[in-house]
Structures are given as structure tokens and as C-alpha cells.
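# Examining the three-dimensional arrangement
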Amino acid sequence: MKKEFMELLTLAKEASVHAYSPYSGYKVGSAVLCKDGKTYSGCNVENASYSLTLCAERTAIFKAISEGEREFAAIAIFVDSDRAFPPCGACRQVISEFAPKIPVIYANQTETIETTMENLLPGAFHL
Ligand code: THU
């Protein structure tokens, strides 16, 4: 895997430490690489009203967007769990809004998978 993707994954792993997940117990971190080279990371933030939970991927993307970024080169996701998980459907839609074809790297402590947004959300809805 490209060195820059491994570094992005390290940022995602570091962000997972900050997860606020007292309900599920899953600590998820994500990091996005922007085309200008900057990176933004985020964690999942849960709520007692469960459906208000924000996933790590959307935290990272929204942080980047709100700092003026619009173009992305890759996204990484790390979860401290017995299996790695790809972005949920809601996050796929949000990532696709800005970056319908970027590489997606997701991992846990033992496995790392590299795929693309095209593969994860074929036939995406865009206006
Ligand atoms: N979660 C993420 O942060 N990203 C995903 O793509 C899937 C799920 C979080 C939300 C919730 O805090 C916990 O993982 C379990 O669903």
C-alpha cells in the first residue's frame, strides 16, 4: 500500500482514541487526505438519543469541508474491533458527494483493506 495511505491510517487510528462511544463501545477513527495535501481526522460521537450518533468518517469530512476543503484524495478508517468495517451507508453517501471515486482504506489492528468509493457505492445519487 502507498506510504501516504499508511500514514493516513495512522492518523485515523490516533483519532479513534478520542471516540465518544459509551453505548456501542466501538472506537472508530477516520482521516481524510485533501488534494492540497492537508489531512483532517475525526472520531465517532455517540448520543443517549442513539440515532444522533455521528460516525467518524462524517466527522472527518465535515471538519475538512468546514475548513474550506472541497477536493479529496483518500479516506482511511480504523476501528479497534475484531474485524475491520467499511463506511456505513450514510457515510458512503456523504463521502460520495465530494469524492465519488477516491480510495478507501479500512482497517483494524490485524487487517487492512483497500477499495474505492466506486466499489462501495455504485450508482450513487448525485444532483
Ligand atoms: N461507526 C462509525 O464511526 N463509522 C461507520 O462507518 C460505522 C459505524 C460508529 C457509529 C457508532 O458509534 C458505532 O460505530 C457502532 O455503530
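For the structure itself, look to the data block above.
Residues numbered from 1 in each chain as written. Predicted model: local features only at pLDDT ≥ 70, side-chain atom pairs only at ≥ 80, totals over all residues. Heavy atoms only, no water.

### With respect to the pattern of salt bridges
Our working definition: In the sections that follow, a salt bridge refers to a side-chain nitrogen of Lys or Arg positioned within 4 Å of a carboxyl oxygen of Asp or Glu.
Tallying each qualifying case throughout the model produces 2 salt bridges. Across the pair Glu4 and Lys2 runs a salt bridge, and its minimum N-O distance is 3.7 Å.

### As for the side chain of Ser21
So the rule is basically this: A run of DSSP states H or I qualifies as a helix once it reaches four residues; a run of E qualifies as a strand once it reaches two. Both are numbered from the N-terminal end. Any pair of nitrogen or oxygen atoms within 3.5 Å is treated as a polar contact; in protein, a donor-acceptor pairing is required on top of that, and neighbouring residues in sequence qualify only through side-chain atoms on both sides. Whether two residues are in contact is decided by their heavy atoms: any pair within 4.5 Å suffices.
Among the secondary structure elements, Ser21 is positioned in the loop between helix 1 (3–16) and strand 1 (28–34). Within polar-contact distance, the side chain of Ser21 engages the backbone oxygen of Tyr26 at 2.8 Å. Residues within four places of Ser21 in sequence aside, it is in contact with Tyr26, Lys27, Asn44 and Glu46.

### Observations concerning the packing of aromatic side chains
Any two aromatic rings considered together are summarised by their centre-to-centre distance and by the angle between their planes. Stated formally: Classification of ring pairs uses Phe, Tyr and Trp, with its six-membered ring standing for Trp, and accepts pairs whose centres are within 6.5 Å; under 30 degrees between planes counts as stacked, over 60 as edge-to-face, and the remaining range as tilted. Buried residues are those whose accessible area, probed at 1.4 Å on protein chains only, stays under 20% of the maximum for their type, while exposed residues exceed 50% and partly exposed ones sit between those limits.
Going through the model one piece at a time under the given rule, you end up with 3 aromatic pairs. On the numbers, 5.5 Å between centres and 45° between planes, the contact of Tyr23 with Tyr50 is tilted. Placement of Tyr23 in the loop between helix 1 and strand 1 and of Tyr50 in the loop between strand 2 (39–43) and helix 2 (56–66) is noted, with a sequence separation of 27 residues between them. Judged by its relative accessible area of 41%, Tyr23 falls in the partly exposed class. A relative accessible area of 59% places Tyr50 in the exposed class. Centroid distance Phe72 to Phe98: 6.3 Å. Interplanar angle 70°. Geometry classified as edge-to-face.

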